[in-house]
Every structure is written in structure tokens, then in C-alpha cells.
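Here are the chains, one letter per residue:
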Amino acid sequence: MGYPVTYHCPRCEAVVELEREGYLADKSVTPYPLEGWTYVDADGDVEAADGVRFVCGEDGTLRDDESGCGDPFYLSYVRFEGGEPVEPRPESEYVRLDP
């Protein structure tokens, strides 16, 4: 049995809703993907990947009559390797390097 779970877009604060199973192991919601995580679209098998890729306002997940910004954002689940939780890092193309 699934339950509606809501998340906020980190850019525009629009609320999206996703049907999820009873056990949740959410790590973070970020405007960028995490390195090493695999993501599925919101209409895919959201329990089979490491997270969900939303497109704010364009993937049919907005709650109520909100409008979204059209940018992608990412729900990442807790991941384990060798029994230890993996510390998340943004993918290298999203890392900002200050001179």
C-alpha cells in the first residue's frame, strides 16, 4: 500500500507529491544529482533506484494548483556500501570551484 509523500522544490518551493511505500529512507532533496546515485523519473519505479528526478511543474507531480519553475531537482535515498551509509557528494559537473 502506498501513501502520498510531499517534497519542496529547492529552487521555487513548489510542492510535489509522490506515492511511496510505507518505509522511507530519504537522505536529501537537492537541485543537483549526487555522485554515484541512480535516479528514476517520478512516474518510474521509485522504490527500485537510489532516488527520484523531478522536473518541477512538468512531470505531473505538482500538488494543488501550484506552478513550478521547470528545473530538475533530486530526491536521494540513503545508500549503503559494505553496511556503512555513503556520504553524498554533488556530481563533479555541479561542484563550484572558487579560485
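Because the structure is a prediction, the values reported are computed rather than measured.

Thresholds, definitions, all that
- Residues numbered from 1 in each chain as written.
- Predicted model: local features only at pLDDT ≥ 70, side-chain atom pairs only at ≥ 80, totals over all residues.
- Heavy atoms only, no water.
- Salt bridge = Lys/Arg side-chain N within 4 Å of Asp/Glu carboxyl O.
- Helix = DSSP H or I, 4+ residues; strand = E, 2+ residues; numbered from the N terminus.
- Buried < 20%, exposed > 50% of the residue type's maximum accessible area, 1.4 Å probe, protein only.
- Phe/Tyr/Trp six-rings, centres within 6.5 Å; stacked < 30°, edge-to-face > 60°.
- Lys NZ or Arg CZ within 6 Å of the ring centre and 35° of its normal.
- Polar contact = N/O pair within 3.5 Å; in protein donor to acceptor, adjacent residues only side chain to side chain.
- Contact = heavy atoms within 4.5 Å.
- Pairing = 2+ DSSP bridges.

**Q** Before we go on, may I ask you to explain the pattern of salt bridges in this structure?
**A** Pairing between side chains of opposite charge can happen when their charged atoms approach one another. For the coordinates displayed, the defined rule picks out five salt bridges. One salt bridge in this structure joins Asp-71 and Arg-11, with 3.8 Å as the shortest N-O distance. Here Asp-71, found in the loop between strand S5 (51-55) and strand S6 (72-77), pairs with Arg-11, found in the loop between strand S1 (3-8) and strand S2 (15-20); they are 60 residues apart in sequence, far enough to count as distant. Taking relative accessible area as the criterion, Arg-11 reaches 39% and is therefore assigned partly exposed.

**Q** Explain the packing of aromatic side chains to me, please; I cannot follow it from the model alone.
**A** Here the distance between the centres and the angle between the planes together describe a pair of aromatic rings. Inspection of every chain in the model, using the stated rule, returns three aromatic pairs. Aromatic side chains Tyr-39 and Tyr-74 sit 5.0 Å apart centroid to centroid with 65° between the ring planes, which places their arrangement in the edge-to-face category. On the criterion of sequence distance, the pair formed by Tyr-39 in strand S4 (residues 39-41) and Tyr-74 in strand S6 is long-range, its members being 35 residues apart. For Tyr-74, a relative accessible area of 7% corresponds to the buried category. Here Arg-79 stacks its cationic end above the ring of Trp-37, 4.6 Å away from the centre of that ring.

**Q** So what exactly am I meant to see when it comes to the side chain of Thr-30 here?
**A** Note on placement: Thr-30 falls in strand S3 (residues 26-30). Taking the relative accessible area as the measure of exposure, Thr-30 reaches 9% and is therefore buried. Polar contacts involving the side chain of Thr-30 include one to the main-chain carbonyl oxygen of Tyr-32, which spans 2.5 Å. Sequence-distant contacts of Thr-30, defined by excluding residues within four places in its chain, comprise Pro-10, Phe-73 and Tyr-74.

**Q** Which parts of the structure should I look at to understand the pairing of S6?
**A** Side-chain positions along a regular strand alternate between the two faces of the sheet. S6 sits mainly inside the fold: five of its six residues count as buried. Pairing analysis gives four bridges linking S3 to S6, with the strands arranged antiparallel. Within S6, the residue paired with Ser-28 across the bridge is Ser-76. Pairing analysis gives five bridges linking S5 to S6, with the strands arranged antiparallel. Residue pairing in the sheet places Val-52 in a bridge with Leu-75 of S6.

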